[in-house]
Structures are given as C-alpha cells and as structure tokens.
Amino acid sequence: MSTPFDQIWERIVEHAGEQFQTQAGLAFRYEIVDGDRVRPSHSDISISRRELARYFAQVHGASTGKIAALSGGPSFVWSILTDRRILDSRQS
C-alpha cells in the first residue's frame, strides 16, 4: 500500500547529491546510505526514512516556526522536506 510519503521519498532519493540550503543559509548536499537513511555532507548523523516520514507528517503544511517546534530535527531535515524539488513533483 502506497503512502503520501512514498512519493516524497522517491524525490528525496532522486535529488541526492544536489545542493540544498538550510534556513540559516548553510549549503549542504546529502547522500542516501544503507538504502533508507539520509546523511548530509556536513554531519556524521543520518536520519532514517521512517524518521523523515514522521517529521513530514508533523510538518506538512505547517509554518516555519511550527516546523521548528514540532520536528526537533536537524535543520537539514526542514530544508529537505520543504524544498520545492521534494514537495512538487513538477520540479523533478
């Protein structure tokens, strides 16, 4: 059974290696490791697909302030999940 996040995940995988930018202006790229984890270029941490789906469910359509308050995740998570390339399938 497909979920709304499945398409988001496909675009996250598709855009791996491209440049993204945090809200503070820090440029980064990310890679997919172990098949289901996102690891940004400027960090040793990684976030699983499952964690990203949970963040996405919490922040989808929320304001920037609410996203920060809800997700508690690193800034790269917000940057990826709110990027037009990830949200809008027409940007692929």
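The coordinates are above.
Residues numbered from 1 in each chain as written. Predicted model: local features only at pLDDT ≥ 70, side-chain atom pairs only at ≥ 80, totals over all residues. Heavy atoms only, no water.

Brief notes about the overall build of the protein
Let me state the cut-off plainly: Counting from the N terminus, the helices are the DSSP runs of H or I reaching at least four residues and the strands are the DSSP runs of E reaching at least two. Here the term buried applies to any residue with accessible area under 20% of the maximum for its type, exposed to any over 50%, and partly exposed to those in between, with areas from a 1.4 Å probe on protein chains only. Working rule for contacts: check all heavy atoms of both residues, and any pair within 4.5 Å makes them a contact.
What the protein contains, in helices and strands, is five helices and five strands. Traced from its N-terminal end to its C-terminal end, the protein shows the element sequence α-β-β-β-β-β-α-α-α-α. Out of the 92 residues in the protein, the part that is buried amounts to 33%. Excluding contacts between residues fewer than 6 apart, the proportion of contacts in the protein whose partners are at least 24 apart in sequence is 47%.

Quick look at the pairing of strand β3 (residues 30-33)
Looking along a regular strand, one sees the side chains alternate between the two faces of the sheet. Here is the rule: Two strands form a pair only when DSSP identifies at least two bridges running between them.
In terms of strand pairing, β3 meets strand β4 (residues 37-40) through four bridges, oriented antiparallel. Its bridge partner lying in β4, isoleucine 32 is registered against valine 38. Count of turn residues in the β3/β4 antiparallel hairpin: three residues, of which aspartate 34 carries a positive phi of about 55°.

Observations concerning the nonpolar core
Stated precisely, the cut-off is as follows: Residues enter a nonpolar core if they are buried and are Ala, Val, Leu, Ile, Met, Phe, Trp, Tyr or Cys, with the set joined through side-chain atoms within 4.5 Å.
By size, the foremost hydrophobic cluster in this structure holds 18 residues, and its most contacted members are Phe5, Ile12, Tyr30, Val38, Leu52, Ile80 and Leu81. Contributions of two or more residues to this core are made by α1 (4-14), α2 (49-59) and α4 (75-82). Sequence-distant contacts of leucine 81, that is, excluding residues within four places in its chain, are made with Phe5, Ile8, Ile12, Leu52, Tyr55, Phe56, Val59 and Leu87.

Details of α2
One turn of an α-helix holds 3.6 residues; hence residues three or four places apart share an orientation. This is how the line gets drawn: The arc in question is traced by the directions running from the helix axis to the C-beta atoms.
For α2, the complete set of buried residues consists of Leu52, Tyr55, Phe56 and Val59. The arc that holds every buried residue of α2, seen down its axis, measures 100°, which confines them to one face. For α2, the exposed residues set more than 90 degrees away from the buried face come down to Arg50 and Ala57.

Topic: the sheet that holds β3
The criterion, for reference: Every angle, taken between N-to-C directions, lies between 0 and 180 degrees, and every axis is a line fitted to C-alpha atoms, over only the stretch in contact when it is a helix.
Across the sheet, which stays open at both edges, the three strands sit in the order β3-β4-β5 with antiparallel pairing between neighbours. At either margin of the open sheet sits one strand with a lone partner, and together these are β3 and β5 (47-48). Pairing analysis gives two bridges linking β4 to β5, with the strands arranged antiparallel. Each residue of the ladder has a partner; that of valine 38, found in β5, is isoleucine 47. Relative to the sheet, α1 contacts β3 and β4, its axis offset from that of β3 by approximately 115°.

Functional significance is not addressed by these values, which are geometric in nature.
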